[in-house]
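Survey of secondary and tertiary structure
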Amino acid sequence: MAKSKTYIELNTIGLAVKGINLGELRKLLIAVPSKNESNRIVLKIDAQQELIKNERKGLAKFKNLKTALMQDLLTGKVRVNALINR
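Residues numbered from 1 in each chain as written. Predicted model: local features only at pLDDT ≥ 70, side-chain atom pairs only at ≥ 80, totals over all residues. Heavy atoms only, no water.

Re a nonpolar patch on the surface
We count it as follows: For patch detection, residues must exceed 30% relative accessible area and be free of salt bridges, and they are connected within 9 Å for like charges or within 5 Å for nonpolar side chains (Val, Leu, Ile, Met, Phe, Trp, Tyr). Per-residue and other accessible areas were derived by the Shrake-Rupley procedure at a 1.4 Å probe size, with only the shown protein chains allowed to occlude residues. Counted as salt bridges are all cases of a side-chain nitrogen of Lys or Arg within 4 Å of a carboxyl oxygen of Asp or Glu. Under the DSSP-based scheme used, a helix requires at least four consecutive residues in state H or I and a strand at least two consecutive residues in state E, with every element numbered from the N terminus.
On the surface, Met70, Leu73, Leu74, Val78, Val80 and Ile84 cluster together to form a nonpolar patch covering roughly 550 Å² of accessible area. Broken down by element, the nonpolar patch gets its largest block of residues, three residues, from helix α3 (residues 35-75). Tracing the chain through its elements places Ile84 in helix α4 (residues 81-84).

Let's talk about the pattern of salt bridges
Note the following rule: We call a residue buried when its accessible area falls under 20% of the maximum for its residue type, exposed when it is over 50%, and partly exposed in between, using a 1.4 Å probe and counting protein chains only.
The tally for this structure, following the rule as stated, stands at two salt bridges. For Lys53, the salt bridge is made with Glu50, and the minimal N-O distance between the two is 3.6 Å. Linking Lys53 with Glu50, this pair stays in helix α3, spanning three residues, or about one helical turn. Relative accessible area serves as the criterion here: at 40%, Lys53 is assigned to the partly exposed category. Its relative accessible area of 39% is what places Glu50 among the partly exposed residues.

Observations concerning α3
Threshold: Every helix has an expected span of 1.5 Å times one less than the residues it contains.
Relative to the 60 Å expected for 41 residues at 1.5 Å per residue, α3 spans 60 Å between its end C-alpha atoms, a close match to the ideal helical length. At the exit of α3 stands Gly76, carrying a positive phi of roughly 85°.

Focus on the confidence of the model for the protein
The following threshold applies: What pLDDT expresses is the predictor's confidence in each residue, scored from 0 to 100.
In the predicted model, the protein carries a mean pLDDT of 85, and the fraction of residues at 70 or more is 88%. Predicted confidence in the protein is weakest over strand β1 (residues 12-13), with a mean pLDDT of 70, and strongest over α3, with 95.

Dropping the structure here:
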């Protein structure tokens, strides 16, 4: 990664608007994972995205529950006097 960045920085042209010559860019070696490794990466990312989706659903449920409980408290539907007198 650092070598690629250094290569690009050394071959950048222009002062106001920076750019790189297409010929120089084509010389740059880029690491590409194998098909198997790429598939493993995709599976791990998909699993993490599914976990995030489920956590967001759970969070939304807790937020709705909190709103409902706060509404019950603010309207007096649920009394807290017993808790205050302890």
